[in-house]
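# Observations on the three-dimensional arrangement
Now for the letters of each chain:
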Amino acid sequence: MCRWLAYSGTSVLLDEVLYRPKHSLIDQSLHARMGVETTNGDGFGIGWYEEHTDTPAVFHDIGPAWSNRNLREIAGHVRSPLFFAHVRASTGTAVQQTNCHPFRHGRWMWMHNGAIAGFHELRRDLVLAVDPGLFLSIEGSTDSEVMFHLALTFGLDDDPPGAVARMTGLVERVGREHGVPDPVQMTLAVADGEGLWAFRYASRGPARSLYYSSRIGDLRALHPDVDFLRDVSDETRLVVSEPLGDLPGAWNEVPESSYGVIRPQGDYLSEFTPRDV
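Please read all numbers here as calculations on a predicted model, not as lab measurements. (Residues numbered from 1 in each chain as written. Predicted model: local features only at pLDDT ≥ 70, side-chain atom pairs only at ≥ 80, totals over all residues. Heavy atoms only, no water.)

## Some details on the UniProt feature "domain: Glutamine amidotransferase type-2" (unreviewed entry) in the protein
- UniProt records the feature "domain: Glutamine amidotransferase type-2" (unreviewed entry) at residues 2-243, using the numbering of this structure.
- The span residues 2-243 carries 31% helix and 26% strand; its end-to-end C-alpha distance comes to 14 Å. (UniProt positions renumbered as here; feature names shortened; annotations may be inferred. Helix = DSSP H or I, 4+ residues; strand = E, 2+ residues; numbered from the N terminus.)

Given below as structure tokens:
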């Protein structure tokens, strides 16, 4: 499978989050503790928003993240208030740049850990359900990118949780029609430059691991000596496949079959239930 992180809050150097934590995502690319695979070296990607643009920048490579000099260079010079990072362990599709996360369409970014079981058999029906106007935007061969375009088809612009629920419901219905009773295994993140939505769900549990950071104000009170906590706003949050370190009180497991929203209007957790279409 894969490991990923999503950051929202005070604009920081990507290096602060990607490299400096004790169990950073770069460390997880070699030494994941909670993933199906220990090593996630089948490519990587980062995507970030900046104030002067409406669409995110993305950078992908097919090599491992732990030895990529360009990633280290970018991380040490780019600041962003909202960014994604993903290290990939392929579930069967090719190792190529167009299969690396995060995926981008307009202002949206999307990344995924998990798989659609039986995707080879389900793929034709799922792709045919994508809006024809979006079809040519599919560049790679992953189930993750098809999921993204289905969510776009089902109204991601207006209702991200509803769009992801309808996407998931379609995958489960098509799976049943093809004799795959439990096709969905996912943790995923999607953002539009202002809000961040994170989902944890499996047709049959348990779902892959997913955690969110505690409120910065609470952590600052617990750990006044941690420089990073002094330099970021109370609205800063991370969502990660696995904790970036062992700081007591820092991490909370996302419940099964749920999603969380991080945005200026406030954060919340809610139950996630697929919807048929």
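## Comments concerning helix H4 (residues 119-128)
- Within H4 the residues assigned to the buried category are Phe 119, Leu 122, Leu 126 and Val 127. In an axial view of H4, the angular spread of the buried residues amounts to 130°, which keeps them on one side of the axis. Turned more than 90 degrees from where H4 packs its buried face, Arg 124 and Leu 128 sit exposed.
- Residues of H4 that are buried sit in contact with strand S6 (108-116), helix H5 (132-135), helix H6 (143-153) and helix H7 (160-177). (Buried < 20%, exposed > 50% of the residue type's maximum accessible area, 1.4 Å probe, protein only. Arc of directions from axis to C-beta. Contact = heavy atoms within 4.5 Å.)

## Here's the deal with the environment of Ala 57
- Tracing the backbone shows Ala 57 in strand S3 (residues 57-61).
- With a relative accessible area of 27%, Ala 57 lands in the partly exposed category.
- Remark: the alpha-carbon pair of Ala 57 and Phe 83, spanning 26 residues in sequence, is separated by 9.4 Å.
- Those residues within four positions of Ala 57 in sequence are excluded, and the remaining contacts are Ile 46, Gly 47, Trp 48 and Arg 104.

## Focus: the sheet that holds strand S1 (residues 3-13)
- As summarised here, the arrangement of the 7 strands in space is S3-S2-S4-S1-S10-S9-S11, forming an open sheet in which the pairing is antiparallel. Of all strands in the sheet, those with a lone pairing partner are S3 and strand S11 (251-253), marking the two edges. Direction aside, the axes of adjacent strands within the sheet are offset by 15° on average. (Pairing = 2+ DSSP bridges. Axes fitted to C-alpha atoms, helices over the stretch in contact; angles between N-to-C directions.)

## Overview of the packing of H6 against H7
- Contact pair H6 / H7: the axes reach a minimum separation of 8 Å and the direction vectors enclose 120°. Judged on the interaxial angle alone, H7 and H6 are oblique. When the axes of H6 and H7 are compared, the crossing they make is right-handed. Packed against H6, whose contacting residues are Met 147, Leu 150 and Ala 151, the element H7 presents Ala 163, Met 167, Leu 170 and Val 171 at the interface.
- Here the residues of the contact of H6 with H7 are counted per class, giving 7 nonpolar, no polar and no charged. (Parallel < 35°, antiparallel > 145°, perpendicular 65-115°, else oblique. Left-handed = near helix turned anticlockwise from the far one by under 90°. Nonpolar A, V, L, I, M, F, W, Y, C, P; charged D, E, K, R; others polar.)

## Remarks on the packing of H4 against H6
- Packing of H4 against H6 brings their axes to within 11 Å, and their N-to-C directions diverge by 25°. Viewed along their axes, H4 and H6 adopt a mutual orientation that is roughly parallel. Seen along the crossing, H4 lies across H6 with a hand that is left-handed. Counted together, Phe 119, Leu 126 and Val 127 of H4 and Asp 143, Val 146 and Leu 150 of H6 form the full contact between these two elements.
- Split by residue class, the contact of H4 with H6 holds 5 nonpolar, no polar and 1 charged.

## Focus on the nonpolar core
- Grouped together as the largest cluster of nonpolar side chains are 37 residues, with contacts concentrated most on Trp 110, Leu 126, Leu 150, Met 167, Met 186 and Phe 199.
- Among the secondary structure elements, those contributing two or more residues to this core are S6, H4, H6, H7, strand S7 (184-191), strand S8 (196-202) and strand S12 (258-262).
- With near-sequence residues (within four places) excluded, Phe 199 lies in contact with Pro 160, Pro 161, Val 164, Met 186, Thr 187, Leu 188, Val 190, Leu 210, Ser 258, Tyr 259 and Phe 272.
- Among the nonpolar cores identified, the runner-up in size contains 30 residues, and Leu 14, Val 232, Leu 238 and Val 240 belong to it. (Core = buried A, V, L, I, M, F, W, Y, C linked by side-chain atoms within 4.5 Å.)

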